[in-house]
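Residue-level listing of the chains:
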Amino acid sequence: MAAPSAVARDPWSFIVVRDAETRAKLADGLLYAKMARDSPVVIVPCGHRDRAHEGAKTDSYMVQDLSAATQNILLAAAALGLGAVWTGVYPNEANVAVCRDVLGIPEDVTPFAAIPIGVPAKPAQPRTRRTGCGADKVHMAKW
């Protein structure tokens with residue numbers, strides 16, 4: 001994993017789900033991951049609070065570290081011509097519980113996201129976010 005992490009603690013593990021039955025359980029249980037059923041693979045990044053910088057005090061660095069790792073997976077998939085989507089798991093307690101149950105994740109590990117990956121049904125055109133990045137979002141030198 002080439003993602004940065006606070007103090008190089010790398011507080012992550014990844015579950016690679018290829019089994020159709022398991023993907024279907026994730027699709028049925030997770031709020032925004034219905035496409036997991038039809039994706040050939042789902043990657044679930046998980047965080048270890050005890051490994052994260054200042055993990056005993058807060059999970060904010062773990063969340064930042066896992067966000068960077070998740071973004072790298074999305075970028076790598078796009079570079080390979082694959083489609084991928086970041087579906088949130090943490091901090092939604094119901095989604096965390098689904099992942100724990102379906103994937104056997106221990107209590108001291110936090111499932112962070114579910115990333116269904118596959119070949120897009122049709123090529124996607126490059127686009128920017130709907131809200132853009134105008135002058136109201138970028139400030140030079142100070143607010």
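Preceding this paragraph is the structure being described.
Residues numbered from 1 in each chain as written. Predicted model: local features only at pLDDT ≥ 70, side-chain atom pairs only at ≥ 80, totals over all residues. Heavy atoms only, no water.

Attention shifts here to the pairing of strand S6 (residues 113-118). Counting buried residues in S6 gives 6 out of 6 residues, a clear majority hidden from the surface. Along S6, one buried face is formed by Ala113, Ile115 and Ile117 and the opposite face, lined by Ala114, Pro116 and Gly118, is buried too. As defined by bridge partners, strand S2 (residues 41-47) adjoins S6 across 3 bridges and the pair is classed as antiparallel. Counterpart to isoleucine 43 in the pairing with S6 is isoleucine 115. (Buried < 20%, exposed > 50% of the residue type's maximum accessible area, 1.4 Å probe, protein only. Helix = DSSP H or I, 4+ residues; strand = E, 2+ residues; numbered from the N terminus. Pairing = 2+ DSSP bridges.)

Describing two packed helices takes the angle between their axes plus the distance from one axis to the other. Orientation of helix H1 (residues 20-29) relative to helix H3 (residues 93-103), taken along the N-to-C sense of each, is 160°, at an axis distance of 10 Å. One way to sum up the angle between H1 and H3 is to call them roughly antiparallel. The two elements H1 and H3 cross, and the hand of that crossing is right-handed. Judged by residue contacts, Thr22, Lys25, Leu26 and Gly29 of H1 engage Asn95, Val98, Cys99, Val102 and Leu103 from H3. (Axes fitted to C-alpha atoms, helices over the stretch in contact; angles between N-to-C directions. Parallel < 35°, antiparallel > 145°, perpendicular 65-115°, else oblique. Left-handed = near helix turned anticlockwise from the far one by under 90°. Contact = heavy atoms within 4.5 Å.)

Bringing the nonpolar core into the picture now. Residues Leu26, Leu30 and Val42 are the most contacted members of the largest nonpolar core, which totals 17 residues. At 4 residues, the largest contribution of residues to this core is made by H3. Once residues within four sequence positions are removed from consideration, valine 42 is found in contact with Ile15, Val16, Val17, Arg23, Leu26, Ala36, Ala114, Ile115 and Pro116. Membership of the second largest hydrophobic core comes to 9 residues, among which are Trp12, Ala52, Met62 and Phe112. (Core = buried A, V, L, I, M, F, W, Y, C linked by side-chain atoms within 4.5 Å.)

Each pocket or cavity is described by its volume, and for the second largest pocket that value is around 200 Å³. Lining the second largest pocket are 13 residues, and of these Ser39, Gly83, Gly118, Val119 and Pro120 lie nearest its centre. Only strand S3 (83-84) and S6 provide two or more residues apiece to the lining of the second largest pocket. It is S6 that contributes the most residues to the lining of the second largest pocket, 3 residues altogether. In the lining of the second largest pocket, the residues fall into 9 nonpolar, 3 polar and 1 charged. (1 Å grid on protein atoms, 1.4 Å probe; cavity = no way out; pocket = protein on both sides within 12 Å on 5 of 7 lines; lining within 4 Å. Points joined across faces, edges and corners; volume = space filled by probe spheres on them. Nonpolar A, V, L, I, M, F, W, Y, C, P; charged D, E, K, R; others polar.)

As a further point, take unusual backbone geometry. Cis rather than trans, the peptide bond between tyrosine 90 and proline 91 has omega equal to 10°. Look at alanine 141: it is not a glycine, yet its phi comes out positive at around 75°. Along the chain, alanine 141 falls in the segment after S6.

Now for H3. Quick reminder: α-helices carry 3.6 residues per turn. Residues three or four places apart thus point the same way. Turning to H3, its buried residues are Asn95, Val96, Val98, Cys99, Arg100 and Leu103. Its side-chain oxygen at 3.0 Å from the backbone nitrogen of alanine 94, asparagine 92 defines the N-terminal cap of H3. Phi turns positive, to about 65°, at glycine 104, one or two residues after H3. (Polar contact = N/O pair within 3.5 Å; in protein donor to acceptor, adjacent residues only side chain to side chain.)

Two aromatic rings, taken as a pair, are described by how far apart their centres are and by the angle between their planes. Throughout the structure, instances matching the rule amount to 2 aromatic pairs. Ring geometry for tryptophan 12 versus phenylalanine 14: centroids 6.4 Å apart, planes at 40°, classification tilted. On the basis of relative accessibility, which here comes to 10%, the residue tryptophan 12 falls in the buried class. Overall, phenylalanine 14 belongs to the partly exposed group, its relative accessible area being 30%. Relative to phenylalanine 112, the ring of tryptophan 86 lies with its centre 6.0 Å away and its plane at 55°, an arrangement referred to as tilted. A residue pair is termed long-range when its members are at least 10 positions apart, and tryptophan 86 in the loop between S3 and strand S4 (87-88) and phenylalanine 112 in the loop between strand S5 (110-111) and S6 qualify at 26 residues. (Phe/Tyr/Trp six-rings, centres within 6.5 Å; stacked < 30°, edge-to-face > 60°.)

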